[in-house]
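Read off the chains here:
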Protein chains: 2
Amino acid sequence: MIGIVGGIGPYSGIDLLKKVFDNTLAGRDQEHLDAVLISASSKIQDRTEYLMGRITENPAYAIAEVIHKLHMAGAVVAGIPCNTAHSLKIFSVIQSELKKNGDTIVVLNMIEETALYLQANHSGITKVGVLSTTGTYKSKIYNDALQSKGYEVIVPSLEMQEDLIHPAIYHSDYGIKSKSNPVHPQAKKNLIEGFSFCKQQGAQAVIMGCTEIPLAISEDEIDGITIIDPTAILARALIQFVDSNKLKPNRHGLLEK
Amino acid sequence: MIGIVGGIGPYSGIDLLKKVFDNTLAGRDQEHLDAVLISASSKIQDRTEYLMGRITENPAYAIAEVIHKLHMAGAVVAGIPCNTAHSLKIFSVIQSELKKNGDTIVVLNMIEETALYLQANHSGITKVGVLSTTGTYKSKIYNDALQSKGYEVIVPSLEMQEDLIHPAIYHSDYGIKSKSNPVHPQAKKNLIEGFSFCKQQGAQAVIMGCTEIPLAISEDEIDGITIIDPTAILARALIQFVDSNKLKPNRHGLLEK
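Being a predicted model, the structure only gives us computed values, none of them experimental.

S.K.: Help me get a handle on the sheet that holds strand 2 (residues 35–39) of chain A, residues and values and all.
M.R.: What links the strands of a sheet is backbone hydrogen bonding, and the strands pair in either a parallel or an antiparallel sense. Pairing within the open sheet is mixed, and its eight strands lie in the order 4(A)-3(A)-1(A)-2(A)-2(B)-1(B)-3(B)-4(B). The strands lining the two open edges of the sheet, one partner per strand, are strand 4 (106–107) of chain A together with strand 4 (106–107) of chain B. Of the strand pairs in this sheet, strand 1 (residues 2–6) of chain B and strand 2 (residues 35–39) of chain B are connected by five bridges, and their pairing is parallel. Looking at strand 2 of chain B, one finds that valine 5 of chain B is bridged to isoleucine 38 of chain B.

Structure below.
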């Protein structure tokens, strides 16, 4: 059974589960893979707020508790559809908590999966843009994973990050977390500006480095730049983990690592 | 915590969870309601096949086991987004299994919720059409619930049911269970014919009496006929059960019972 840490945010959890089903070879209900999703959004504090030092409680503890429950419900592998939760300050505590509790469930690392995917499938690409929350931006989650593999990483200026990209996700009026269905046009507009900025700086691909971004952007390519969706990559990695025979054949932008 | 019996079908489980989030007053992740969804599609046999006598294992046992797991994960109320599972031959066994296991979780009855909603919000309506699987059709789930409240119920002819409506859900090439994302145009075409038939027979509203149908039809009204979505009604009933203050104000077609 596949486990999903939902709730961070709620719609990103659904997006991951949907991408698991979308990428599974199944013609009948009974041919789909079993999955459990726990959306405990009320109990998991904001990841960026924690990384910025504005709250003291590490959301890792609540996330580890959700993963424990997923394990108890029968999951053998789990995915966390929240990029910011993969910063070392959070992800390492999740892993040590699970170890302490004796949880043997495997937690895939969405950032690592994305870097491996890029390496295996886009050999021509050397410069990669990343759009994300300010928490992911400042803790340099993608920079570390990509630079260690030889990529040059392009991110928005701090001003653009704080005025355009973070608000596209968090703004109380138009941010995706506040308006997910449908997404507010302003959120999409801000993100498109981010893609253009990365392209101007020479990026050949841009990673949607926050799981809210694919709720607004479904294109594989925008303005000649390849768009990389870590949620879809994680979905396929989860399927591959439990039953690689169930994985749908590749389509553009969703090749295997 | 809200519990969802997913997997019957997989996308209907997602649809219910999404409608829970869509109908919740929340501007931040932390303001959403907690939920757990278990999609155990591989373990739950087809409901129509059982009702038709083509398989002997009652899917009620596997569904009750999922509800037990939802309860263990912290759910106090559960919804089953599958109309056919509400036939008495299945639903009564689910309830007796839960009682036997001492599970105190409340399971809402989507059919009852839909009938109560109709009564409370569409007082002018007396003739109601129902489109469904052949399992729901033959076990007269909606007929019983609606006729006892004084409604006249209109369903397709048996020929139309078997040649158009059931295949829109189950056909191996174009049925919604086989092609959910995106839905095949043929499935939608068949369903629209079903709505037209109900209208010709005098129906003022049509219930989408299979949770796969709202995956193809998102309109509140088609050709002057009101479309009733039991998945959305169940979503709102689940929110109301755990925290009525979190329920979004009514919009057309989503009034309270």
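S.K.: Kindly report on the environment of glycine 79 of chain A, identifying the contributing residues and their values.
M.R.: Residues and elements named next belong to chain A. Relative to the helices and strands, glycine 79 is located in strand 3 (residues 77–79). For the pair glycine 79 and glycine 6, spaced 73 residues apart in the sequence, the C-alpha separation amounts to 9.1 Å. The residues contacting glycine 79, other than those within four sequence positions of it, are Gly3, Ile4, Val5, Leu16, Leu234 and Leu238.

S.K.: So, the nonpolar core: which residues are in play, and what are the values?
M.R.: With 58 residues, the main nonpolar core has Ile63, Ile67 and Ile80 of chain A together with Ile63, Ile67 and Ile80 of chain B as its most contacted residues. Contributions of two or more residues to this core are made by strand 2, helix 2 (47–51), helix 3 (60–72) and helix 4 (88–100) of chain A together with strand 2, helix 2 (47–51), helix 3 (60–72) and helix 4 (88–101) of chain B. When neighbours within four sequence positions are excluded, isoleucine 63 of chain B is seen to be in contact with Val5, Ile8, Ile44, Ile80, Ala85, Ile90 and Ile94 of chain B. Counting 40 residues, the second-largest nonpolar core is a separate cluster that includes Ala237 of chain A together with Ile14, Leu234 and Ala235 of chain B.

S.K.: Tell me about helix 1 (residues 10–22) of chain A, and please be specific about residues and values.
M.R.: Each full turn of the α-helix corresponds to 3.6 residues, which orients residues three or four apart in the same direction. Taking 1.5 Å per residue, 13 residues should reach 18 Å; helix 1 of chain A reaches 18 Å between its end C-alpha atoms and fits that length. Among the 13 residues of helix 1 of chain A, twelve are classified as buried, and the element is accordingly described as predominantly covered.

S.K.: I'd like a rundown of the interface of chain B and chain A, residues and numbers included.
M.R.: Across the contact, 36 residues belong to chain B and 36 residues belong to chain A. Both faces considered, chain B and chain A share a buried interface measuring about 3100 Å² in area, 49% of it formed by carbon and sulfur atoms. Three residues, Ile14, Asp29 and Gln30 of chain B, lead the burial of chain B against chain A; their summed loss comes to 21% of the area buried on that side. Connecting chain B to chain A are six salt bridges. On inspection of chain B and its partner chain A, the count reaches 23 residue pairs in polar contact (both at pLDDT 80 or more). Sorting the residues of the side of chain B that touches chain A by element identifies helix 1 (10–22) and strand 2 of chain B as the ones contributing at least two each. With seven residues, helix 1 of chain B is the largest single contributor of residues to the side of chain B that touches chain A. Considering only residue class, the side of chain B that touches chain A consists of 16 nonpolar, eleven polar and nine charged. When strand 2 of chain A meets strand 2 of chain B, the two strands line up antiparallel, connected through five bridges. Following the sheet pairing, leucine 37 of chain A is matched in strand 2 of chain B by leucine 37 of chain B.

S.K.: Describe the sheet that holds strand 9 (residues 225–228) of chain A, listing the residues and the values that go with them.
M.R.: Residue and element names in this part refer to chain A. One open sheet accounts for five strands, arranged 6-5-7-9-8; its pairing is mixed. The open sheet has two free edges, formed respectively by strand 6 (152–154) and strand 8 (221–222), since each of these has just one partner strand. The pairing of strand 5 (residues 127–131) with strand 6 spans three bridges and is parallel. In the strand pairing of strand 6, lysine 127 is matched with glutamate 152. In this fold helix 5 (residues 110–121) packs onto strand 5, strand 7 (205–208) and strand 9, with an angle of close to 145° to the strand it touches most, strand 9.

S.K.: Explain the environment of alanine 120 of chain A residue by residue, including any values.
M.R.: Structurally, the position occupied by alanine 120 of chain A is in helix 5. With 48 residues separating them in the primary sequence, alanine 120 of chain A and methionine 72 of chain A have C-alpha atoms 34 Å apart.

S.K.: Give a detailed account of the relation of the copies chain B and chain A, specifying residues and quantitative values.
M.R.: Laying chain B over chain A is done by rotating through 180° and shifting 0.0 Å along the axis; what remains is an RMSD of 0.0 Å. What the rotation and shift describe, once combined, is the action of a two-fold rotation axis. In terms of C-alpha distance to the rotation axis, chain B has leucine 37 of chain B as its closest residue, with the C-alpha 2.6 Å off the axis. The residues that chain B uses at the interface reappear at the interface of chain A in 100% of cases, marking a shared surface.

S.K.: Quick one: what's the story with the packing of helix 1 of chain B against helix 11 (residues 230–243) of chain B, residue by residue and with numbers?
M.R.: All names here are of chain B. One way to put it is that helix 1 packs onto helix 11 with a least axis distance of 8 Å and a crossing angle of 55°. The pairing of helix 1 with helix 11 is recorded here as oblique in orientation. Where helix 1 crosses over helix 11, the two elements pack in a sense that is right-handed. Residues Asp15, Leu16, Lys19 and Val20 of helix 1 pack against Thr231, Ala232, Leu234, Ala235, Leu238 and Ile239 of helix 11. Broken down by class, the residue content of the contact of helix 1 with helix 11 amounts to seven nonpolar, one polar and two charged.

Here is what the cut-offs are and how they apply
Residues numbered from 1 in each chain as written. Chains lettered and ligands numbered in written order. Predicted model: local features only at pLDDT ≥ 70, side-chain atom pairs only at ≥ 80, totals over all residues. Heavy atoms only, no water. Pairing = 2+ DSSP bridges. Helix = DSSP H or I, 4+ residues; strand = E, 2+ residues; numbered from the N terminus. Contact = heavy atoms within 4.5 Å. Core = buried A, V, L, I, M, F, W, Y, C linked by side-chain atoms within 4.5 Å. Buried < 20%, exposed > 50% of the residue type's maximum accessible area, 1.4 Å probe, protein only. Expected span 1.5 Å × (residues − 1). Buried area = accessible area lost by both parts, 1.4 Å probe. Salt bridge = Lys/Arg side-chain N within 4 Å of Asp/Glu carboxyl O. Polar contact = N/O pair within 3.5 Å; in protein donor to acceptor, adjacent residues only side chain to side chain. Nonpolar A, V, L, I, M, F, W, Y, C, P; charged D, E, K, R; others polar. Axes fitted to C-alpha atoms, helices over the stretch in contact; angles between N-to-C directions. Least-squares fit on C-alpha atoms with pLDDT ≥ 70 in both. Parallel < 35°, antiparallel > 145°, perpendicular 65-115°, else oblique. Left-handed = near helix turned anticlockwise from the far one by under 90°.

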